[in-house]
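Structural overview for review
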Amino acid sequence: SNCIGGIAGITSGGVVSNCKNSGSLTSLGGQDCGGIVGRAKGTVKLSSNTGGVAAYRNHSGGIVGASNGVAVEECFNSGRVSAASGAGNSSAGIVGGLDSASVTTTITKCYNSGAAQIGIIAADSNVTVTECYNAGAISHNHITAASTAKISNSYFYWASGATVDGATCFTSLEQFKDADNMRE
């Protein structure tokens, strides 16, 4: 249970709300690292991270390092999120990964503008992403790790274009900015 978060290392239920982290976090030997919570169960909402998040083992996320069954609502990340290379390690702008493939994770009305491997969540099983967007530099052309996630009304920027069911990909920053302005 070596988890690091800007607000809490681990939550076992309940609500984490209206939190902000601007400090950089690095998990050298720990498992999961998140800008707000390292490993979360329950709800994380109305929270933001602007600090860098790095994990050298397993998952790192701008808001939550790993989901143990979490709903993330109306949160944003603008910090750089990274994970060590290797099997099982992942980073994403909002949720870095799942503690178990059997947990349910929902992400609603969140956005990421920080650099990461994946835009929103580095997982796909039992994941629902609604009204989210990614404008951060990503090394993989998705907002989730695979196409089995349920994605709706979400979009992201990827210069070379991509197809993701339920998400719109913009190939120029101007298109993306126009869509973002229409959203407000």
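Going by the structure above, here's the rest.
The structure displayed is predicted, hence computed values, not measured ones.

Re unusual backbone geometry
In this structure, Glu74 takes a positive phi of about 50° despite not being glycine. Mapped onto the fold, Glu74 is located in the loop between strand E11 (64-73) and strand E12 (76-77).

With respect to the sheet that holds strand E1 (residues 3-5)
Spatial strand order, E1-E6-E10-E14: four strands in an open sheet with parallel pairing. Each edge of the open sheet is held by one strand with a lone partner, namely E1 and strand E14 (90-92). For this sheet the average axis-to-axis angle between neighbouring strands, irrespective of direction, equals 5°.

Overview of the pairing of strand E17 (residues 127-130)
Side chains Val127 and Val129 of E17 all project onto a buried face; the interleaved residues Thr128 and Thr130 project onto a face where none is buried. Of the strand pairs in this sheet, strand E15 (residues 105-108) and E17 are connected by four bridges, and their pairing is parallel. In the strand pairing of E17, Thr106 is matched with Thr128. One ladder, built from three bridges, connects E17 with strand E19 (residues 150-152); its direction is parallel.

About the cut-offs
- Residues numbered from 1 in each chain as written.
- Predicted model: local features only at pLDDT ≥ 70, side-chain atom pairs only at ≥ 80, totals over all residues.
- Heavy atoms only, no water.
- Helix = DSSP H or I, 4+ residues; strand = E, 2+ residues; numbered from the N terminus.
- Pairing = 2+ DSSP bridges.
- Axes fitted to C-alpha atoms, helices over the stretch in contact; angles between N-to-C directions.
- Buried < 20%, exposed > 50% of the residue type's maximum accessible area, 1.4 Å probe, protein only.

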